[in-house]
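Descriptive analysis of the structure
This is what each chain is made of:
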Amino acid sequence: MIQFLHIFKKDVRRHWPEILISLALLVLYTRHELHLWQLSPEYYSISSFFFDFSGRYIPFFLVLSWIFLILRVVQGETLVGDRQWWVTKPYVWWELLLSKLFFLFVVIWIPLFNVQLLLLVHARFPILPNLGRLFLIQFTFPLVLFVSAVALASLTRNLPQALLGIGILVIVLIIGLSLGSLSTHMMGDSPPFMDSLELLLVFGSIVLMPIWQFARRRTGASRITIAASVGTATLLSLIPFASRVEQSYPLLATKDSPAQFTIPPIAESLGNPSGIPDFISDTLLSIPVNVSEVAPDSVVLIDGMKLTADSTDDSHWTRGWVSEYRQVWPGTQRQTLSYVVKRKKYEEIKAKPLNLHIQLALSEYEEVQARTLILPTAAFRDSDLGICRPAFIRSQSLECRKPFHSPAYMGRFDAPHSSCEPLRRFPNEYPSNLDVAYAWAPPTDEIFPDPGLNPIVDYQVIFNPIPRIPDPNSTAPVEYSIPTLCPGAEIRLGRPVFKRHFRIELELPAIRLQDLVERATLPSALPLRRRASSRGV
Amino acid sequence: MHQPIHTQQLTKHFGRITAVDGINLDVPEGALYALVGQNGAGKTTTIKVLMNLIPATQGSATILGTDSRNIRGKSYAQIGYVSENQEIPEWMKVGSLLEYLRDFYPTWDPALEQSLVKQFDLHLDRKIKALSRGMKMKLALASALAFHPRLIVLDEPFGGLDPLVRDQLIESLLERAAESTVFISSHDLAEIESFSSHVGYLESGKLLFSEEMSSLTTRFREVEILTDPPLPLPSPLPATWLHPKSSGAVVRFIDSRFDDQNTRTDIQRLFANAKDVQFRALSLRAIFLAMARKSGEV
């Protein structure tokens, strides 16, 4: 018999209890996923606890059972040490490796693939047009999981060692995240080659080192190589690329900007705002920005922000570029920018009058192929959105499902002109404009599926009301309205197309940081006084 | 024709510790070679390097004509390796282990397997986990012999076994000796002496000697000289005379390069007053004790 099949047979005979456990969990997972879309409100109320519980924990235990199975089967012929019995038998290394991969293929991957086919068919999506991406989805979460587990198993001798390895990995991640919080960063500020290099280092090492380990059993060298690769990738990911942000987002003059931004007068805090609890190590600054003149059928996203503070004594301070995620729609009047300052620095400069120089990195998207969708009473099929239905409870969202990834969309719902009754709450200090609500999902790489086990992606198209500026002279409670969708509602749907990145500058002269502190961190009764002036550039 | 085992300046360091120190070793075809030495002398490390279980720091070794660094996979179809430290898959039954191994070896001999199972009184339906240490060693040996290996490497195979099991294992080894070269490590000299054709002595990682057993026992003699009148030991004595002692009229030493005529000539030259000279053969144990004491003196 071919050697890898011979070893495979032995492994199946040995690990049948673990195989049964993982298959049982896969059955439970399938049952849960099959019922996900079929739930009625009654089912929700009666069995919601069990359903939530199983939904939350079964995938976790399923993945855990796979990791356990992979560890057990690879460590059955452990590659670590010099006392293993099999090492002095005529095992051919690549046949041994092949037998382990074949085991994963037969025992984990084939059942999972069949479950994915079943979920696809059950969700009423055809198999043939989706088969290619069904194969592609195997290269996302399952591949990363299996490769990582095989790497861990090939570099550890037994389960306790593997757990120790996971523990070390968690510590490395925590250190990486801590270092990340020390450095400033903006999503996507690193050059593409750097992302590829980081991916190559991490994924390359966890693919190649186990192969080398199977071929030569050089545990120490393999461990060091993986640790060095992951460490290098972590350090590379921490390098801020401010100049790249400024290259990617060219500076525009105010008149050329597709949206106008100005900073409104800032209310001066009269009390002592140092009432922030001592254990909070960061201070959140909130900078309100008035917005206008966004072109119809377009949206402007605030991707990042850089704040530079100059004081009268010529001191200069900045944290560099940090990520933001705000949408500016036609009709949006106000957005609030958030900026985190280390507490120590804040306490040092909070009362000094500073000149703040704010740069915003922005992206503009345009709507194309717009159409009107009239919501039916029941679930419906849409070429872009997949299969959708209004949420059970009266809400501002549609529940949708589509194979492999949620689509990019720009949605607009004209609430006042629909027969749907809005939800109202008041008072609220963040009022909304009932005139119109927008829904948004950015364009993604549509070829590659979202990572996950289930090929069906459940997502919500949420229509959010846009913020508006409260009337400063009104003493009446402000109405906070949420638009709700109902059968017959007209929704305008289009596809977003990226138009350009750009950057603008704003000046906020003679401001004290304590006047910008997030109100939630201040004592609620703090008196506020309106400041005299501030301006946009 | 390659020698089954050949090493050249084979060295293995663990950090600052030198476990194997520049070993030059030749094991001829068909030999039953015993590598002996005290615990910690470097026997197991040497074997692990030869079997490519751990890499050498310096030097080289060839096993059945193959560089030891390339000993893996199919190379083991010709090598039967058994070690007291090996971790046999204890979840298997005796029968299923032998059945599993059959497919790995093109030369596996089912008749020989049957014969070994019978000879070692192995119960095929027993779980390996439930076997005694002796039975596990028998099973390991059966699995290492059933495919007619060209080279059998045994690392301390008899440690802790009762005499009956030990004799059974030795007997089966001797039956295979005609078709295989056997390389065995042990610190028990008595058991080795009875069947080894060649012997090597390892001390603190150094191979002090490596030769045929008959030549070894021939060249070591205890020499006793009766002198009259008693005189102090002359100086210098030949370097090959180990542990010389004078007690009244009697001088005793061990000649490690004994040759009847040359030794007598040396004695006449150094002890003109010698009245009587006697030569006694030494057991392997006495030879190693003498060697060990000599290296301790150094």
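Everything numeric in this text was worked out from a predicted model, so none of it was measured.

1. A few points about the overall build of chain A
Along the backbone of chain A there are eleven helices and 19 strands. Out of the 537 residues belonging to chain A, those deemed buried represent 30%. Put simply, of all contacts in chain A between residues at least 6 apart along the chain, 86% involve residues at least 24 apart.

2. Focus: the overall build of chain B
Broken down by element type, chain B carries nine helices and 14 strands. In chain B, buried positions account for 35% of the 298 residues.

3. Re the interface of chain B and chain A
Between chain B and chain A, the contact holds 21 residues from the first and 15 residues from the second. Looking at the side of chain B that touches chain A residue by residue, the classes come out as 13 nonpolar, three polar and five charged.

4. Considering the domain arrangement of chain B
Per the domain assignment, the segments making up chain B are domain 1 (5–212) and domain 2 (221–281). Computed from C-alpha coordinates alone, the two centres of domain 1 of chain B and domain 2 of chain B are separated by 41 Å.

5. Section: the pairing of strand S9 (residues 198–203) of chain B
Residue and element names in this part refer to chain B. Buried residues dominate S9, accounting for six of its six residues. Burial along S9 is two-sided: the face carrying His198, Gly200 and Leu202 and the face carrying Val199, Tyr201 and Glu203 are both buried. Pairing of strand S3 (residues 32–37) with S9, which is carried by five bridges, proceeds in the parallel orientation. Its bridge partner lying in S9, Val36 is registered against Tyr201. Direction of pairing for S9 relative to strand S10 (residues 206–212): antiparallel, over a ladder of six bridges. The residue of S10 that forms the bridge with Val199 is Glu211. Counted along the chain from S9 to the antiparallel partner S10, the turn is two residues long, and its residue Ser204 has a positive phi close to 50°.

6. Section: the environment of A:Pro129
Looking at the secondary structure, you find A:Pro129 in helix H5 (residues 128–137). Residue A:Pro129 is classed as exposed on the basis of its 9 C-beta neighbours within 10 Å.

7. Some thoughts on the packing of helix H2 (residues 16–36) of chain A against helix H4 (residues 93–122) of chain A
All names here are of chain A. Across the interface, H2 lies against H4 with an axial gap of 11 Å and an inter-helix angle of 15°. Between H2 and H4, the angle is such that the two are roughly parallel. For the pair H2 and H4, the sense of crossing is right-handed. Residue-level inspection shows Ile19, Ser22, Leu23, Leu26, Thr30, Glu33 and Leu34 of H2 in contact with H4, the latter providing Val107, Ile108, Pro111, Leu112, Val115, Leu118, Leu119 and His122.

8. Focus: helix H6 (residues 141–155) of chain A
Spacing of three or four residues puts side chains on the same side of an α-helix, whose turn is 3.6 residues. Taking 1.5 Å per residue, 15 residues should reach 21 Å; H6(A) reaches 21 Å between its end C-alpha atoms and fits that length. Turning to H6(A), its buried residues are A:Pro142, A:Ala149, A:Val150, A:Ala151, A:Leu152, A:Ala153, A:Ser154 and A:Leu155.

9. Regarding the sheet that holds strand S13 (residues 250–255) of chain B
Residues and elements named next belong to chain B. Within the open sheet, the four strands sit side by side as S12-S13-S11-S14. Their pairing is antiparallel. The open sheet has two free edges, formed respectively by strand S12 (241–247) and strand S14 (274–281), since each of these has just one partner strand. The average undirected angle you get between the axes of adjacent strands in this sheet is 15°. Looking at chain direction, S12 and S13 are connected through five bridges and run antiparallel. Across the sheet, the residue bridging to Trp241 is Asp255, located in S13. Taken strand by strand, helix H8 (residues 260–270) contacts strand S11 (221–227), S13 and S14, and its axis lies near 145° from that of S14.

10. What about the sheet that holds strand S8 (residues 181–186) of chain B?
All names here are of chain B. Read across the open sheet, the six strands follow the order S6-S7-S8-S3-S9-S10; overall the sheet is mixed. Unpaired on one side and paired on the other, strand S6 (79–83) and S10 mark the two borders of the sheet. Neighbour-to-neighbour, the strand axes of this sheet turn through a mean angle of 10°, independent of strand direction.

11. Considerations on the confidence of the model for chain A
Detail in the predicted coordinates should be disregarded across regions flagged by low pLDDT. Of the residues in chain A, 84% reach a pLDDT of 70 or more, and the chain-wide mean stands at 83. Below a pLDDT of 50 lies the segment residues 520–537 of chain A, which in the model reaches 39 contacts outside its immediate sequence neighbourhood of four places, other chains included.

12. Some remarks on the environment of A:Thr377
Its location among the elements puts A:Thr377 in the loop between strand S7 (354–374) and strand S8 (380–382). As for A:Thr377 and A:Leu96, which are separated by 281 residues in sequence, their C-alpha atoms are 57 Å apart.

13. Side note on the pairing of S11(B)
Residue and element names in this part refer to chain B. In the sheet, S11 pairs with S13 via six bridges, with the strands oriented antiparallel. Its bridge partner being in S13, Val223 is matched across the sheet by Phe253. Summarising the sheet, S11 and S14 pair through seven bridges and their orientation is antiparallel. Bridge pairing in S14 links Glu222 to Arg280.

14. Here's the deal with the nonpolar core
B:Tyr33, B:Leu141, B:Val153 and B:Phe183 are the most contacted members of the largest nonpolar core, which has 69 residues in total. Residue contributions to this core reach at least three from each of two domains, namely domain 1 (5–212) and domain 2 (221–281) of chain B. Once residues within four sequence positions are removed from consideration, B:Phe183 is found in contact with B:Ile5, B:Val27, B:Tyr33, B:Leu35, B:Leu151 and B:Val153. By size, the runner-up hydrophobic cluster in this structure holds 59 residues, among which are A:Val291, A:Val328, A:Leu398 and A:Ile511.

15. Quick notes on the packing of H6(A) against helix H8 (residues 192–216) of chain A
Residue and element names in this part refer to chain A. Two numbers describe how H6 lies on H8: the axes approach to 9 Å, and their chain directions differ by 40°. It follows that H6 is oblique to H8 by the angle criterion. When the axes of H6 and H8 are compared, the crossing they make is left-handed. Contacts from Val147, Ser148, Val150, Ala151, Ser154 and Leu155 of H6 reach H8 at Ile206, Val207, Met209, Pro210, Gln213 and Phe214. Of the residues contributing to the contact of H6 with H8, the split by class is nine nonpolar, three polar and no charged.

16. Some details on the environment of B:Asp188
Turning to its location among the elements, B:Asp188 is positioned in the loop between S8 and helix H6 (189–193). In this structure the C-alpha to C-alpha distance between B:Asp188 and B:Glu156, which are 32 residues apart in sequence, comes to 8.9 Å.

About the cut-offs
Residues numbered from 1 in each chain as written. Chains lettered and ligands numbered in written order. Predicted model: local features only at pLDDT ≥ 70, side-chain atom pairs only at ≥ 80, totals over all residues. Helix = DSSP H or I, 4+ residues; strand = E, 2+ residues; numbered from the N terminus. Buried ≥ 20, exposed ≤ 12 C-beta atoms within 10 Å, placed from the backbone. Contact = placed C-beta atoms within 7 Å. Nonpolar A, V, L, I, M, F, W, Y, C, P; charged D, E, K, R; others polar. Domains from an automatic or database assignment. Pairing = 2+ DSSP bridges. Axes fitted to C-alpha atoms, helices over the stretch in contact; angles between N-to-C directions. Parallel < 35°, antiparallel > 145°, perpendicular 65-115°, else oblique. Left-handed = near helix turned anticlockwise from the far one by under 90°. Expected span 1.5 Å × (residues − 1). pLDDT = per-residue confidence, 0-100. Core = buried A, V, L, I, M, F, W, Y, C linked by C-beta atoms within 7 Å.

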